[in-house]
Amino acid sequence: MEKSTLCLVSTVVILCCFSCINYVASDASDHRYKEGDSVPFYANKAGPFHNPSETYKYFDLPFCRPANVEEKKEDLGEVLNGDRLVGSPYKLDFLINKKPESICKKILTRKEVDQFRRAVLKDYFYQMYYDDLPIWGFLGRFETKEKDDDDDDSNEATIYLFRHVHFEILYNNDRIIDVFVRNEPNAVVDLTEDREVNVDFTYSVKWTETDIPFEKRLEKYSQTSSLSHHLEVHWFSIINSCVTVLLLTGFLAMIFMRVLKNDFVKFTPDEEALDDQEESGWKYIHGDVFRYPRFKALFAAALGIGSQLFTLVIFIFMLALVGVFYPYNRGALFTALVVIYALTSGVAGYSAASFYYKIEGKNWVKILVLTGSLFSGPLFLTFSFLNTVAVAYNSTAALPIGTIMVIFLIWTLVTSPLLVLGGIAGKNSQSEFLAPCPTNKYPREIPQLPWYRTTLTQMAMAGFLPFSAIYIELYYIFSSIWGHQIYTIYSILFIVFIILLIVTAFVNVALTYFQLAAEDHEWWWRSFLCGGSTGLFIYSYCMFFYHARSDMYGFMQTSFFFGYMACICYGFFLMLGTVGFRASLIFVRHIYRSIKCE
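Criteria and cut-off values
Residues numbered from 1 in each chain as written. Predicted model: local features only at pLDDT ≥ 70, side-chain atom pairs only at ≥ 80, totals over all residues. Heavy atoms only, no water. Helix = DSSP H or I, 4+ residues; strand = E, 2+ residues; numbered from the N terminus. Buried < 20%, exposed > 50% of the residue type's maximum accessible area, 1.4 Å probe, protein only. Contact = heavy atoms within 4.5 Å. Areas by Shrake-Rupley, 256 points an atom, 1.4 Å probe, with all protein chains shown as cover. Pairing = 2+ DSSP bridges. Axes fitted to C-alpha atoms, helices over the stretch in contact; angles between N-to-C directions. Parallel < 35°, antiparallel > 145°, perpendicular 65-115°, else oblique. Nonpolar A, V, L, I, M, F, W, Y, C, P; charged D, E, K, R; others polar. Expected span 1.5 Å × (residues − 1).

**Student:** Tell me what's going on with the overall build of the protein, and back it up with residues and numbers.
**Tutor:** Broken down by element type, the protein carries 16 helices and 12 strands. Every one of the 598 residues in the protein was classed for burial, and the buried ones make up 50%. The contacts of the protein with a sequence gap of at least 6 include a subset with a gap of at least 24, amounting to 79%. Per element, the accessible surface of the protein, about 29500 Å² overall, is 61% carbon and sulfur.

**Student:** I'd like a description of the sheet that holds strand β7 (residues 140–144), backed by residues and values.
**Tutor:** Taken in spatial order, the 3 strands make up an open sheet running β7-β8-β11, and their pairing is antiparallel. Either end of the sheet is taken by a strand with one partner, and the two such strands are β7 and β11 (188–190). Averaged over all pairs of adjacent strands, the angle between strand axes in this sheet comes to 25°, irrespective of strand direction. Pairing of β7 with strand β8 (residues 157–162), which is carried by 5 bridges, proceeds in the antiparallel orientation. If you follow glycine 140 over to β8, its bridge partner there is leucine 161. Lying on the sheet, helix α3 (residues 110–121) is in contact with β7 and β8; it crosses β8 at an angle near 105°.

**Student:** If you had to explain the packing of helix α7 (residues 296–321) against helix α16 (residues 555–593) to someone new, which residues and values would you point to?
**Tutor:** Running from N to C, α7 and α16 point in directions that differ by 105°, and their axes come no closer than 8 Å. Regarding the angle of α7 to α16, the classification is roughly perpendicular. In contact with Phe299, Ala302, Leu303, Ile305, Gly306, Ser307, Leu309, Phe310 and Val313 of α7, α16 contributes Gly571, Leu574, Met575, Thr578, Val579 and Phe581. Residues belonging to the contact of α7 with α16 are distributed by class as follows: 11 nonpolar, 4 polar and no charged.

**Student:** Outline helix α9 (residues 345–358), listing residues and values.
**Tutor:** In a regular helix each residue adds 1.5 Å, so 14 residues correspond to 20 Å; α9 covers 20 Å between its end C-alpha atoms and thus fits that length. Burial analysis of α9 places 12 of its 14 residues in the buried class, the great majority of the element. Buried within α9 we find Ser345, Gly346, Val347, Ala348, Gly349, Tyr350, Ser351, Ala352, Ala353, Ser354, Phe355 and Tyr356. Just beyond α9, the residue with positive phi is glutamate 360, at close to 70°.

**Student:** Run through the sheet that holds strand β4 (residues 98–108), naming residues and quoting values.
**Tutor:** Pairing is mixed in the open sheet, where 4 strands are placed in the order β4-β12-β9-β10. Whereas interior strands pair on both sides, the edge strands pair on one side only; in this sheet they are β4 and β10 (175–183). Between one strand axis and the next, the sheet turns by 20° as a mean value, whatever way the strands run. In the sheet, strand β9 (residues 164–172) pairs with β10 via 8 bridges, with the strands oriented antiparallel. Paired with isoleucine 169 across the two strands is valine 179, which belongs to β10. In the packing of α3 onto the sheet, the strands contacted are β4 and β12 (197–209), and the crossing angle to β4 comes to about 120°.

Now the structure itself:
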């Protein structure tokens, strides 16, 4: 009763947050304007095109700066996303065309020239938002001369800074539909030499009417991932995963047939059947198979966090499938992750405490401390290091002290109390473990096992199959998170996730059966480790993606990529480990209910 009540309350609260997230992400304006009206136009950030995490404030570069820089108030998700919106130096009023007009004339000092020069050589881009529509542009271009054997300096680049920006804006009646930015290739300033430069920064605006409805103005951002050749790859990924599931299903069917055959042996007294019965070693360890694992508190805490992360992923998918995470809904995903993680901490507390007391644990304070720190502890340490790196680089990826305090208050006022309440509910649930067979007083000796039955070997086998079912989809996910591609096919991603869970469960059931057949009764930790080993394969793919599929470089981007991906893969390890153990537990209970335990 308490468990169902806790789940109901958590579901209601999270569903309420769905509407809150959607509301925060929407603009208070109805996006309707009259001719001459001022349209919200913000400059956001700039940084190397190939390093998505290494972004800086727009005015950290010596652009034309207005007299009073207006800073937009941002919500939690936008700050976590590295957005730092400020008033744009451009003035683009509704339906007002402009011929080339000067923003400012300035003399770039040698230091400012060096700043722009370094930015152009690193392919810096800038991002702005006009009526909540994203705009991107590059700072300049450079031309590299071919190397001449007679001239050692002939391979130096000629660096040009764009000084004119042309905006073309599409509108439908009183609403803005799209905006494009184009740099004039001939309106450039040569920054190759280390000297002061006079620059006249200019811009122009052209308005064009279109019949595209306002409701479809964001569709172009999601069309990339919906192109036919991309869809073919996605469906190939699903077919590949389904074939893996079918093979595993057939494999498990054979195992269950063997189990049923052994069950029939009980009713067959002939000697041939008895000889066949002796081949099934799993029956003879029935007095040890339900012996509780070592480090019970750590095991229960891992199951609790795994259950919480599984619940978190399910709710994130629910949000994605109802359309909350539409393209460039700034910070919605990060807001959802923080809020739902905080609200689902009660699931972790309940799952860990109830299981801990089922396996005769006593210290409920210890289990709650372990549960609260097992995932958030490494995450906090990683964040502290990476935030320090971002501060040293003066990047927008560094969280302000105010945002850190907000997250700390959420952890103090929401996460911790719900964790404790869930733990108390789990402690008082008084549910039993329901072992089909009694446990012997002394553990049975485990026979010496061949190398292919060791834990590391089985982890490699258990992680490879689920990883092979999802690796094609991983490229698109990584390209979206650590690149500039947009991922919007959440239905396909959800199908792949379900297949991942099925394959993980099936593989763990098969490996657990073979382990028990070899009279190895210490299956608890191994089933968890084998289930979570897919996370290790995903992290190995991170290394491949970084070196072979991306152009990321530099200490900050490298530390951010491997640091945060380590946390994500660790979360997958805990979640899939929980799935693997739960599936194995159901299987083990089923087969031992079919025999007579004495």
